[in-house]
Amino acid sequence: MSRATWVFAATSVVGVALAIYLYLDNRALEDALAEARANKPAPAPAEKVAAAGNADPWTDIMRASGAARGTGTGPAPSLPEEQKESRLERRQRRQQELAAWLGRLDGETEEEYRNRIMPMITAGLLVPRSRVDEMRKQAEEKAGVTPEQSKKLDQAFEKVYADAIDYTNKAIADGMLTPYERNVSGMLEFAGGLGGLLTEANGQIGQILSAQQMRAMSQSGFEWGEYLGLNAPWEQLRPPPPR
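Per chain, residues are indexed from 1 in the order of the written sequence. Side-chain atom pairs in this predicted model are given and counted only at pLDDT of 80 or more, local residue features only at pLDDT of at least 70, and totals for whole chains, interfaces and linings cover all residues. Each side-chain value is worked out from all heavy atoms of the structure, with water and hydrogens disregarded.

**Quick word on the pattern of salt bridges**
In step 1: Any carboxyl oxygen of Asp or Glu that lies within 4 Å of a side-chain nitrogen of Lys or Arg is treated as forming a salt bridge with it. One pass over the structure, following the stated rule, counts seven salt bridges.
In step 2: A salt bridge links E108 to R116, with the shortest nitrogen-to-oxygen separation between them at 2.8 Å.
In step 3: Any residue under 20% of the maximum accessible area for its type is buried, any over 50% is exposed, and the rest in between are partly exposed; the area is computed with a 1.4 Å probe on protein chains only. Residue R116 is classed as partly exposed on the basis of its relative accessible area of 25%.
In step 4: A cluster of three or more residues bridged by salt bridges with shared partners is formed by R136, E140 and D154.

Below, the structure written as structure tokens:
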């Protein structure tokens, strides 16, 4: 496999890693927002505000006196305060949720895992894939890419996708990419091992498109790494090993 092909595989895999990171980060933001809302004092009802303006100090004193003698209603009962979740506890809970979502359940076979996970992956990628396909079409039109060139690109990407899936399957089997723990170092090691190949990222496309065409597509806002990362057939990934 050529070095440029490895680069494209790296961009695809990093896209998946970033998706997982953004999922966790989004959950963290949701938890923080929920916590802030829970701690925000509720506004006083209008009737209580009006009552406070018309309050009679003498009536309040008599009511307090009656409560002290046991003849009043006294303070309303209250539930014990709910214990707040620490950041570490919240992080641990999110990791458990991720493991339950992407990990193998107890006794779950590979076929059962595929039936549970792959439809969600396909559904989640449906709209983004449609968008980048349209972006590629528009960028190729602006760059003057011919139908023959576009077909050659698709043919080249078939091997890129196959290599990306093979490499990702190996990373999952080796535990570099795992849903069971926060293996950030493993993810960085996986991506960093391919980082030196990024200088050749344009080599594969450069054999098909001219420099002017590549520049025109880039200036239009189109990014090949994003396109490849979304269109790789992630549904073909093998399930992770059992916990």
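Let's pick the thread back up.
**Examining the packing of helix α5 (residues 110-143) against helix α10 (residues 224-231)**
In step 1: Fitting a line to C-alpha atoms yields each axis, with helices limited to the stretch in contact; the angle taken between N-to-C directions then spans 0 to 180 degrees. Put simply, DSSP H or I for four residues or longer makes a helix, DSSP E for two residues or longer makes a strand, and each gets a number counted from the N terminus. Running from amino to carboxyl end, α5 crosses α10 at an angle of 140°, the nearest separation of the two axes being 9 Å. Viewed along their axes, α5 and α10 form a crossing whose handedness is left-handed. Facing α5, whose interface residues are L125, P128, R129, V132, D133, M135, R136 and E140, α10 presents W224, E226, Y227, L230 and N231.
In step 2: All residues other than Ala, Val, Leu, Ile, Met, Phe, Trp, Tyr, Cys, Pro, Asp, Glu, Lys and Arg, Gly among them, are scored as polar; the first ten of these are nonpolar and the last four charged. Looking at side-chain class alone, the contact of α5 with α10 contains seven nonpolar, one polar and five charged residues. Should the near helix be turned anticlockwise from the far one by less than a right angle, the crossing is left-handed, and should it be turned clockwise, the crossing is right-handed. Contacts: residue pairs with any heavy atoms within 4.5 Å of one another.

**Description of the nonpolar core**
In step 1: In this text, buried Ala, Val, Leu, Ile, Met, Phe, Trp, Tyr and Cys residues form a nonpolar core when linked through side-chain atoms within 4.5 Å. Counting residues in hydrophobic clusters, the biggest one holds 24 residues, and the most contacted among them are L153, F157, I205, L209, M217, W224 and Y227.
In step 2: A total of six residues in this core trace back to one element, the largest contributor, which is helix α6 (residues 147-174).
In step 3: Apart from the residues lying within four places of it in its own chain, the contact partners of Y227 are V132, D133, R136, D154, F157, Y161 and F222.

**Some words on the packing of aromatic side chains**
In step 1: When the centres of two rings from Phe, Tyr and Trp lie within 6.5 Å, Trp using its six-membered ring, the rings pair. Their planes under 30 degrees apart give stacked, over 60 give edge-to-face, and anything left gives tilted. Overall, the coordinates contain six aromatic pairs when judged by the stated rule.
In step 2: Taking the centre distance of 6.4 Å and the plane angle of 50° together, the rings of F157 and Y161 count as tilted. Remark: Y161 and F157 occur in helix α6; sequence separation between them is four residues, near one turn of the helix.
In step 3: The structure contains a cluster of three or more aromatic residues connected by ring pairs, namely F157, Y161, F222, W224 and Y227.

**Digging into the packing of α6 against α10**
In step 1: Viewed as axis vectors pointing N to C, α6 and α10 meet at an angle of 60°, and their least axial separation amounts to 11 Å. Taken as axis vectors, α6 and α10 run oblique relative to one another. Regarding α6 and α10, the two cross each other, and that crossing is right-handed. Contacts from L153, D154, F157 and Y161 in α6 reach W224, Y227, L228 and N231 in α10.
In step 2: Residue composition of the contact of α6 with α10, by class: six nonpolar, one polar and one charged. The cut-offs work like this: below 35 degrees is roughly parallel, past 145 is roughly antiparallel, 65 to 115 is roughly perpendicular, and the gaps in between are oblique.

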